[in-house]
Amino acid sequence: MAAHPAPPRLLAFERRRLLVRGEGRPAIAELAADDLPLAELRHFALGIPDAPHMRVADLPAGIELPAGMALREVRGLLPVLPADQVRLAMRALHVVEWGRTHRFCGRCGEANEESAGELSRRCPRCELTTFPRISPAVIVLVRRGDRVLLGRGNHLPPGLYSTLAGFVEPGETLEEAVRREIREEVGIELAEVRYFGSQPWPFPDSLMIGFTAEHAGGELRVDPAEIAEAHWCALEELPPVPPAFSIARTLIDAWVRERGGDPARLMTWPA
Ligand SMILES: [Zn+2]
């Protein structure tokens, strides 16, 4: 006997702003179909196997919001949402962005259709199936004796430093990407490149894959096209570091503990 399908529940975004309930400590809003003019909105399956009725809506700018709700930038929400809601918000942001940018077949231009039972879209004309695009990027903490490499990419304002990162290229292993990025960005060679951990980063569609490595040769020589400055920093001279929900911060916190320091004493980037 076919199960009666549950009525849809919706998360909603306007660009990268997520619809939340409440003032002060926010919670992700889960809407019923009649809370929004669903027929007029684009919305996409979230693809959660245990919750096939969960969908995510792509709100047009200026839409009237249900009472008691507000749109908040996802990055600003990450530190204040509970961990399970962070996961849900990241997945939903990734899926809504994929839905917005893959409405049509990339091969023949026909309108794509949602597949049943898996998170993919299928072209009804040429049968090309498209899965959510996930762009792997490597991020690496490089040690040299009692110091760690921190840099400021050109996208960061003065005073904000992080571990270095870059996108994986076709045909490359993750370890090769780590060595190439560091060579290109700061001109040094690495030894002992080791996997550390990973983190989804849907801005718009990355998976950050973290590594640690040791300096093996060369002096810092930044590529001004990508990096404004880079330094070897000792524990007691660390600048403000990225916020707690980023893998960059997890890498730095682990190094601080390794050196006998207390991550709770680090200064964090201003919000
Ligand atoms: Zn097609």
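Scroll up to find the structure this text is about.
Let us look at the structure shown here. Here the structure is a predicted model, which means the values were calculated and not measured. Along each chain, numbering runs from 1 in the same order as the chain's sequence is written. Where totals are concerned, whole chains, interfaces and linings use all residues; where local detail is concerned, this predicted model gives features only for residues with pLDDT of at least 70, and gives and counts side-chain atom pairs only at 80 or more. Excluded from the side-chain calculation are hydrogens and water; included are all heavy atoms of the structure.

Overview of the overall build of the protein chain
- Helix and strand content of the protein chain: 4 helices and 16 strands.
- Projected onto its principal axes, the C-alpha coordinates of the protein chain cover approximately 65 × 50 × 40 Å.
- By the burial criterion, 44% of the 271 residues in the protein chain qualify as buried.
- Within the structure as shown, the protein chain displays about 14300 Å² of accessible surface, and the carbon and sulfur contribution to it stands at 52%.
- Here the protein chain carries 32 positive and 38 negative side-chain charges, and the mean point of each set is 1 Å from the other. A run of H or I in DSSP counts as a helix once it spans at least four residues, and a run of E counts as a strand once it spans at least two, with each numbered from the N terminus. Think of it in three bands: with a 1.4 Å probe and only protein chains considered, a residue is buried below 20% of the maximum accessible area for its type, exposed above 50%, and partly exposed in between. Methods summary: accessible areas were calculated by the Shrake-Rupley approach with a probe of 1.4 Å, and residue burial reflects only the protein chains presented. Charge assignment: positive for Lys and Arg, negative for Asp and Glu; neither His nor the chain ends contribute. Think of each charge as sitting on NZ of Lys, CZ of Arg, CG of Asp or CD of Glu.

Description of helix α4 (residues 247-258)
- Given the number of residues in a helix, its expected span is that number minus one, multiplied by 1.5 Å. For α4, built from 12 residues, the straight-helix expectation of 16 Å at 1.5 Å per residue is met to within 8% by its first-to-last C-alpha distance of 16 Å.
- Whether two residues touch is decided by their heavy atoms; if any such pair falls within 4.5 Å, the residues are in contact. Next to the buried residues of α4 lie β11 (135-144), β12 (147-153), β14 (189-201), β15 (206-217) and β16 (227-234).
- Looking one or two residues past α4, Gly260 carries a phi angle of roughly 85°, positive in sign.

With respect to the coordination of the zinc ion
- With water omitted from the atoms examined, metal sites may look incomplete; donors here are N, O and S atoms no farther than 2.8 Å from the metal, or 3.2 Å in the case of Na, K and Ca. Of the protein atoms, only Cys105 (SG), Cys108 (SG), Cys123 (SG) and Cys126 (SG) coordinate the zinc ion, at distances of 2.3 to 2.4 Å.
- Of note is the zinc ion, whose 4 donor atoms meet at the metal with angles of 99 to 120° in an arrangement that counts as tetrahedral.
- When the donors of the zinc ion are listed by position in the chain, the intervening gaps give C-x2-C-x14-C-x2-C. Here the residue Cys105 occupies a position in the loop between α2 (83-101) and β8 (113-114), and Cys123 occupies one in the loop between β9 (121-122) and β10 (129-130), the gap between them amounting to 18 residues. Like Cys123, Cys105 is buried. Only two sets of limits are used to name each site, 85 to 135 degrees for every angle of a tetrahedral four-donor site, and over 155 degrees for opposite donors with all other angles from 65 to 115 for a square planar four-donor or octahedral six-donor site, with any other site named irregular.

Some thoughts on the pattern of salt bridges
- When a carboxyl oxygen of Asp or Glu is within 4 Å of a side-chain nitrogen of Lys or Arg, the pair counts as a salt bridge. The tally for this structure, following the rule as stated, stands at 21 salt bridges.
- With a closest N to O distance of 3.1 Å, Arg55 and Glu114 form a salt bridge. Note that Arg55 is positioned in strand β6 (residues 54-58) and Glu114 in strand β8, a separation of 59 residues in sequence.
- Judged by relative accessible area, Glu114 falls into the partly exposed class, the value being 37%.
- The closest approach of N and O atoms between Asp205 and Arg133, which form a salt bridge, is 2.8 Å. Here Arg133 lies in the loop between β10 and β11 and Asp205 lies in the loop between β14 and β15, a separation of 72 residues in the sequence.
- Among the charged side chains, a network of salt bridges with common partners joins Glu169, Glu172, Arg180, Glu181 and Glu184.

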